[in-house]
Amino acid sequence: MTALGVVFRPQLPPERLRDVATAADDAGLEQLWLWEDCFFESGIASAAAALAWTQRLRVGVGLLPVPLRNAALATMEAATLHRLFPERVALALGHGVQDWMGQVGARVESPMTLLREHLDAMRALLRGERVTTDGRYVKLNDVALDWPPPEAPAVFAGATGPRTLRLSGECADGTILTADTAPEAVREARRLVDEGRAAGERTGRHEVVVYLLAATGPGADERLQNESDVRNAPPFVVAGDAEAIAEAVGRLADAGADTVVLQPTADEPDPVGFVRLAAEMVRPLVP
């Protein structure tokens, strides 16, 4: 079965998160995803709150920009969330938007190297290992978590280009694809991820999560056109009723998406209503 989720866009103020999260939980939606975009809201703080307010909802952060985060501290936060809310947390790491990283003095010369080092260190620490590494960016000396999760959780990576997709297959446990990813691009991403998995001799499950920009109700087409992604490229988006959205979800699932996360427009007038539509009207139409 294809899992279905919705994004809580960071263009909404943090105090609106509780209503959206509890509505998703009450309606039976499987997943709620958050972004750590500069300079809106913290991914970890928002995830902790959403998890505490809900009972069943899986909460993902897609993604945490690794130039902003020390590998040991990020892993401590991840481990704490996984122990407090077992099987309900999904965290993804990524390069971060390079212009933003430059604004805060965190931009690195080799984002690929940093992401690889961070993924390797985090996954090892979450497995309960004691880690010493002297990488180009990640340096740990005899570090081990006192409270690792009982079972090592999946660590996702956000990826777009071929090199990062292969890196995700090799070093991560799942991949996040952005909302400009059409079905044919999902197939190609799967192929590149599998190349990385083969290179890394990875055999476990690798979940692919794809965002889908969607709008419904009055003015849906106009709101989609106002999104910068739509103006700058011809991405795979959908405007319409529950049946139209479900059909688009199905196309992404057929192309290889395990999870499709509906991404409302930044000016979505009714975020709670959008969540309920996803859970009560779209979900029953998605196999």
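Residues numbered from 1 in each chain as written. Predicted model: local features only at pLDDT ≥ 70, side-chain atom pairs only at ≥ 80, totals over all residues. Heavy atoms only, no water.

## Re the packing of helix H10 (residues 242-255) against helix H11 (residues 271-282)
Then, number 1: Two elements in contact, H10 and H11, have axes separated by 10 Å at closest approach and are oriented at 80°. Considering the angle they form, H10 stands roughly perpendicular to H11. Contact residues: Ala242, Ile245 and Ala246 in H10; Leu277, Met281 and Val282 in H11.
Then, number 2: Residue classes in the contact of H10 with H11 are distributed as six nonpolar, no polar and no charged. (Axes fitted to C-alpha atoms, helices over the stretch in contact; angles between N-to-C directions. Helix = DSSP H or I, 4+ residues; strand = E, 2+ residues; numbered from the N terminus. Parallel < 35°, antiparallel > 145°, perpendicular 65-115°, else oblique. Contact = heavy atoms within 4.5 Å. Nonpolar A, V, L, I, M, F, W, Y, C, P; charged D, E, K, R; others polar.)

## Regarding the pattern of salt bridges
Then, number 1: In the structure shown here, the tally under the stated rule is 20 salt bridges.
Then, number 2: Here Arg127 ties to Glu129 by a salt bridge, and the two come within 2.7 Å at their closest N and O atoms.
Then, number 3: Owing to a relative accessible area of 42%, Arg127 belongs among the partly exposed residues under this scheme. (Salt bridge = Lys/Arg side-chain N within 4 Å of Asp/Glu carboxyl O. Buried < 20%, exposed > 50% of the residue type's maximum accessible area, 1.4 Å probe, protein only.)

## Topic: helix H1 (residues 17-27)
Then, number 1: The set of residues buried in H1 consists of Leu17, Val20, Ala21, Ala23, Ala24 and Asp25.
Then, number 2: Taken together, the buried residues of H1 touch strand S1 (3-8), strand S2 (31-34), helix H2 (43-53) and H11.
Then, number 3: Following H1 by one or two positions, Gly28 adopts a phi angle in the positive range, close to 85°.

## Structural notes on H2
Then, number 1: Buried within H2 are the following residues: Gly43, Ile44, Ser46, Ala47, Ala50 and Leu51. When H2 is viewed along its axis, its buried side chains cluster within an angular range of 160° and face the same direction.
Then, number 2: Contact partners of the buried residues in H2: H1, S2, strand S3 (58-65), helix H3 (71-84) and strand S4 (89-94).
Then, number 3: Capping the start of H2 is the job of one residue whose side-chain oxygen sits 3.4 Å from the backbone nitrogen of Ile44: Ser42. (Arc of directions from axis to C-beta. Polar contact = N/O pair within 3.5 Å; in protein donor to acceptor, adjacent residues only side chain to side chain.)

## Structural notes on the pairing of strand S6 (residues 139-143)
Then, number 1: Direction of pairing for strand S5 (residues 131-134) relative to S6: antiparallel, over a ladder of three bridges. Paired with Asp134 across the strands is Lys139, a residue of S6.
Then, number 2: In textbook terms, the turn of a hairpin is the stretch between consecutive antiparallel strands, and for S5 and S6 this stretch comprises four residues. (Pairing = 2+ DSSP bridges.)

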